[in-house]
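# Observations on chain architecture
Chain by chain, the residues run as shown.
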Amino acid sequence: MPPATPVLAARDGVIWSAQRTPRGLAVVIDHGAPWATYYQHLARLYVPLKAPGAGGVRVRAGQAIGVVGGDPTATS
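Calculation rules
- Residues numbered from 1 in each chain as written.
- Predicted model: local features only at pLDDT ≥ 70, side-chain atom pairs only at ≥ 80, totals over all residues.
- Heavy atoms only, no water.
- Helix = DSSP H or I, 4+ residues; strand = E, 2+ residues; numbered from the N terminus.
- Rg over C-alpha atoms; globule rule 2.2 N^0.38 Å.
- Buried < 20%, exposed > 50% of the residue type's maximum accessible area, 1.4 Å probe, protein only.
- Contact = heavy atoms within 4.5 Å.
- Salt bridge = Lys/Arg side-chain N within 4 Å of Asp/Glu carboxyl O.
- Core = buried A, V, L, I, M, F, W, Y, C linked by side-chain atoms within 4.5 Å.

Next up on the list: the overall build of the protein. Counting its regular elements, the protein contains 0 helices and 6 strands. Secondary structure elements of the protein, listed N to C terminal, follow the sequence β-β-β-β-β-β. The globule rule puts the C-alpha radius of gyration for 76 residues at 11 Å, and the 12 Å found for the protein is close to it. Along the longest, intermediate and shortest principal axes, the C-alpha atoms of the protein span 40 × 25 × 20 Å. Burial status across the protein gives 33% buried among its 76 residues. The contacts in the protein between residues at least 6 apart in sequence include a share of 58% that link residues at least 24 apart.

Shown next, in the form of structure tokens:
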């Protein structure tokens, strides 16, 4: 996806984690066992930072959770 593209939640769920990683910002949404989605290489988050674990913010399908960035470890 092109940089600056909004990233949308695939389904309703709860933010399990939202944090900085060596490959940019990343979000995991728990949709209920056994389903979860993982979003990586984000430049900006629209959800609060959160350590891994239960008890996160609820999101709805189609809700913007961040913005596409790039892999900061990638070389041209």
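Quick look at the pattern of salt bridges now. Taken as a whole and judged by the stated rule, the model has 1 salt bridge. In this structure, Asp12 and Arg60 form a salt bridge, with 3.1 Å as the shortest nitrogen-oxygen distance. Separated by 48 residues along the polypeptide, Asp12 in the loop between β1 (6-8) and β2 (13-21) and Arg60 in the loop between β5 (58-59) and β6 (64-68) bring together distant segments of the chain.

Membership of the largest hydrophobic core comes to 14 residues, with the highest contact counts inside it found for Val27, Ile29 and Ile65. Secondary-structure elements contributing two or more residues to this core are β2, β3 (24-32), β4 (35-45) and β6. If we ignore the near neighbours within four places in the chain, the residues touching Val27 are Ile15, Ser17, Ala18, Thr37, Tyr38, Tyr39, Leu42, Leu45, Val47 and Ile65.

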